[in-house]
Amino acid sequence: MNMIALIDPVMFKLFLIALRKNHIKVLYKLGNLALNWYECKKRKIELRSYPLKLYIEIGNICNLHCKMCLRQWFKRKEGVMSIDQISYIIEQNPGLIGVGVGGWGEPLLHPHSSEIDY
Ligand code: SF4
């Protein structure tokens, strides 16, 4: 993938974050982004940079029963992550510029979905 194509939208998003949040965190994220870019360019196997994005399955509950959905064969227990668990994961990754939620369930059914602010 062309790294410039990847970085431009990322830089734009960081600029938007800088407008909303405190600037020390944004500077840290920019440093992490630059380190990550360097490590990818050098094809490093072990990275010192933190992940830029996470995708978290905050719950696996769903109020629908779509015929094509694989959930019908799942045997795992249904439930949702606590806000503390979600916050802990995000705090452990200070270089994040984006968090996605989803997975095998409807994330908006999480009882605290409106409190997840990133
Ligand atoms: S998880 Fe998605 S595909 Fe599966 S039943 Fe729920 S809405 Fe349908």
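The following paragraphs examine the structure supplied in this document.

Basis of the calculations
- Residues numbered from 1 in each chain as written.
- Predicted model: local features only at pLDDT ≥ 70, side-chain atom pairs only at ≥ 80, totals over all residues.
- Helix = DSSP H or I, 4+ residues; strand = E, 2+ residues; numbered from the N terminus.
- Buried ≥ 20, exposed ≤ 12 C-beta atoms within 10 Å, placed from the backbone.
- Near = placed C-beta within 6 Å.
- Nonpolar A, V, L, I, M, F, W, Y, C, P; charged D, E, K, R; others polar.
- Expected span 1.5 Å × (residues − 1).
- Arc of directions from axis to C-beta.
- Pairing = 2+ DSSP bridges.

A word on the overall build of the chain. Summing up its helical and strand segments, the chain has three helices and two strands in all. Seen in sequence order, the chain has helices and strands lined up from the N terminus as α-α-β-α-β. The 118 residues of the chain split such that 8% are buried.

Contacts to the ligand come from C62, L64, H65, C66, C69, R71, W104, G105 and E106. Each residue belonging to the shell around the ligand can be placed in one class, and the counts come to five nonpolar, two polar and two charged.

Right, let's get into helix α2 (residues 23–41). Look at α2: 27 Å from first C-alpha to last across 19 residues, which is about the 27 Å you get at 1.5 Å a residue. For α2, the complete set of buried residues consists of K29, N32, L33 and N36. When α2 is viewed along its axis, its buried side chains cluster within an angular range of 105 degrees and face the same direction. Along α2, exposed side chains directed more than 90 degrees from the buried face belong to H23, I24, L27, G31, A34 and K41. Following α2 by one or two positions, R43 adopts a phi angle in the positive range, close to 55 degrees.

For R43, which is not glycine, the phi torsion reads 55 degrees and is therefore positive. Here R43 lies in the loop between α2 and β1 (53–56). Look at R43 and you get exposed, because 6 C-beta atoms sit within 10 Å.

Bringing the environment of I58 into the picture now. Looking at where I58 falls in the secondary structure, it is placed in the loop between β1 and α3 (83–91). Spatially, the C-alpha atoms of I58 and G105 are 8.7 Å apart, while their sequence positions differ by 47 residues.

The two faces of the sheet receive side chains in turn, since in a regular strand these alternate between them. Across four bridges, β1 lies against strand β2 (residues 98–101) in parallel orientation. Bridged to L54 within β2 is V99.

These results come straight from atomic positions and should not be treated as a statement about function.
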